[in-house]
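Summary of structural features
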Protein chains: 2
Amino acid sequence: MPGTENQGPVKISRKDQIETIATALFKERGFSATSMRDLASEIGIEAASIYAHVRSKEEILQSVCFKMAHEFFKELEQIEKQADTHTEKLRQLIAVHVNIITRNVAASAVFLNEWRHLSEPYASDFLQLREQYEQRLRAIVRQGIATGEFVPSDARFVTRTLLSSLNGITQWYKLDGELLPEAIAQNIGDLFLKGLMSHKDDRPKYH
Amino acid sequence: MPGTENQGPVKISRKDQIETIATALFKERGFSATSMRDLASEIGIEAASIYAHVRSKEEILQSVCFKMAHEFFKELEQIEKQADTHTEKLRQLIAVHVNIITRNVAASAVFLNEWRHLSEPYASDFLQLREQYEQRLRAIVRQGIATGEFVPSDARFVTRTLLSSLNGITQWYKLDGELLPEAIAQNIGDLFLKGLMSHKDDRPKYH
DNA sequence: CCTACCGATCGGTAGG
DNA sequence: CCTACCGATCGGTAGG
């Protein structure tokens, strides 16, 4: 079985390794400032050898960006389906968003900051996905306002500010940090739900 | 008076024009993905001509980054000086931060995202400034908590999340947008101060 | 501010 | 996965 016999107990293929290291470099230096030679030397092979596993530098970026987009959408759809309150939906969406980011800090940072180096039609496709995600998050906020669950507020502003807070995590989160992902989610959830809920019901309830 | 006789009523010098256009390109495409030829063609001159006004591509980046850092610090020091409450200090700091960003969206985005392309010792100097700014903002939050003005909370987390919300404005603010800078500041101020203040005193007071 | 140019480096290919 | 290499483009300089 050529191609499978040498993988052994560690499942990570050379292709996966390339993507992982590239993601870290793309986050640190940016896509354009990372050369295939940088990447190769980090892996320990020659630059030309990368092309045995990957068609181009951009293909790596495409893979990272669309994989992350898929992650975010998968969880969003799960949350949209359930018939919970909008408070609960928002709290859960914050929790899974924090979870995805803290489990994939580098990939999330690349997803957020390097997608503009995608060529067409990938850039347009990607942008559409991002806009749709924001729209659907905004719909939850809007509906919560419409039902009176949330205080009247600018859904567009709230959504953008929430996304900035969540996505900003990529810029400061460290695996050995003092704050656990669950605590981050709790804090962001409290902050925004406190801001969105009427005064008599300040503390969000769980079940 | 050579060098001054041709400036006429419009005060913008070629050097300023280069910096302005470069800033816009650096924001849109990133520093590394912007070539001096891109910049030149946007200005309408040859690439080599840029070097009559500017020593290098990086010098432009240095200028933008440190000018913005200076802007932010100038306002921070002003706010630290006055003997107001921490609530009022935080609200004012948010207001001036929003103001600087909305008046310099491109420069702020470059300041936030492209500084890592600075070479040494500029990168280290810059990073030190950013960390000091965050530290001093955090001190205001900490002091507000210590005096009992703010509810007990994680000052580090609050500061980072506030900065993410503020800096995120560069990613969505448009001059013709529906939300005016004053309204943005008001909303962010309300959100965070509501989150920071004790329940019996939910609405922050002004004078 | 332009023409003419330089050495370095880039992403990527051929052929093994 | 490597050696050897290609054309394109990069930041920047010389000299006017």
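Residues numbered from 1 in each chain as written. Chains lettered and ligands numbered in written order. Predicted model: local features only at pLDDT ≥ 70, side-chain atom pairs only at ≥ 80, totals over all residues. Heavy atoms only, no water.

Comments concerning the protein's contact with DNA strand C
Formally: Nearness here has a simple test: a residue counts as near a molecule or strand if at least one of its heavy atoms is within 4 Å of that partner. The term polar contact refers here to a pair of N or O atoms within 3.5 Å; inside protein, the definition further demands a hydrogen-donor-capable atom paired with an acceptor-capable atom, and it admits residues adjacent in sequence only when both atoms are side-chain atoms. Residues are grouped as follows: Ala, Val, Leu, Ile, Met, Phe, Trp, Tyr, Cys and Pro are nonpolar; Asp, Glu, Lys and Arg are charged; every other residue, Gly included, is polar.
Close to DNA strand C lie 15 residues; Met36 and Lys57 of chain A together with Arg14, Glu46 and Ser49 of chain B are nearest. Among the atoms of DNA strand C close to the protein, meaning within 4 Å, 56% are from sugar or phosphate groups. Between Arg14 of chain B and DNA strand C, the recorded distance is 3.1 Å, taken from a side-chain N or O atom to a phosphate oxygen. The separation between a phosphate oxygen of DNA strand C and a polar side-chain atom of His53 of chain B is 3.4 Å. The residue makeup of the surface near DNA strand C, split by class, is six nonpolar, five polar and four charged.

Some words on the protein's contact with DNA strand D
Taken together, 15 residues form the shell around DNA strand D, and within it Arg14, Glu46 and Ser49 of chain A together with Arg37 and Lys57 of chain B come nearest. Within 4 Å of the protein, atoms of DNA strand D come from sugar and phosphate in 56% of cases. Within the side chain of Arg37 of chain B, one N or O atom sits 2.8 Å away from a base nitrogen of DNA strand D.

Things to note about the relation of the copies chain B and chain A
We apply this condition: Least squares is the method for superposing the copies, and the C-alpha atoms it fits come from residues with pLDDT of at least 70 in both. The contact definition used throughout considers only heavy atoms, calling two residues in contact when any of these lie within 4.5 Å.
Relative to chain A, chain B is turned by 180 degrees and slid 0.0 Å along the rotation axis, the superposed coordinates differing by an RMSD of 0.0 Å. Such values leave the two copies arranged in the relation of a two-fold axis. With an isologous cut-off of 70% or more, the 100% of interface residues of chain B that recur at the interface of chain A puts this contact in the isologous class.

Brief notes about the interface of chain B and chain A
Put simply, the rule is: Once two parts are brought into contact, the accessible area they lose, counted with a 1.4 Å probe and summed over both, makes up the buried area. For salt bridges, the criterion is a side-chain nitrogen of Lys or Arg within 4 Å of an Asp or Glu carboxyl oxygen. Every helix listed is a DSSP run of H or I at least four residues long, and every strand listed is a run of E at least two residues long, numbered separately from the N terminus.
In this assembly, 32 residues from chain B lie in contact with 32 residues from chain A. With both chains or domains summed, chain B and chain A bury close to 2,600 Å², and 58% of this area falls on carbon and sulfur atoms. Counting across the interface, chain B meets chain A through six salt bridges. In this structure, Glu114 of chain A and Arg116 of chain B form a salt bridge, with 3.4 Å as the shortest nitrogen-oxygen distance. Linking chain B to chain A there are nine residue pairs in polar contact (both at pLDDT 80 or more). Looking at the side of chain B that touches chain A, the elements that each hand over two or more residues are helix H1 (14–29), helix H7 (155–167) and helix H9 (181–196) of chain B.

Some words on helix H5 (residues 105–113) of chain B
All names here are of chain B. What counts is decided by this rule: Type-normalised accessible area, obtained with a 1.4 Å probe on protein chains alone, sets the label of each residue: buried when under 20%, exposed when over 50%, and partly exposed for intermediate values.
Among the nine residues in H5, seven count as buried, and that is most of the element. Along H5, the positions that sit buried rather than exposed are Val105, Ala107, Ser108, Ala109, Val110, Phe111 and Leu112. Where H5 is buried, its residues touch H1, helix H3 (57–81), helix H4 (86–103), helix H6 (122–146), H7 and helix H8 (169–172).

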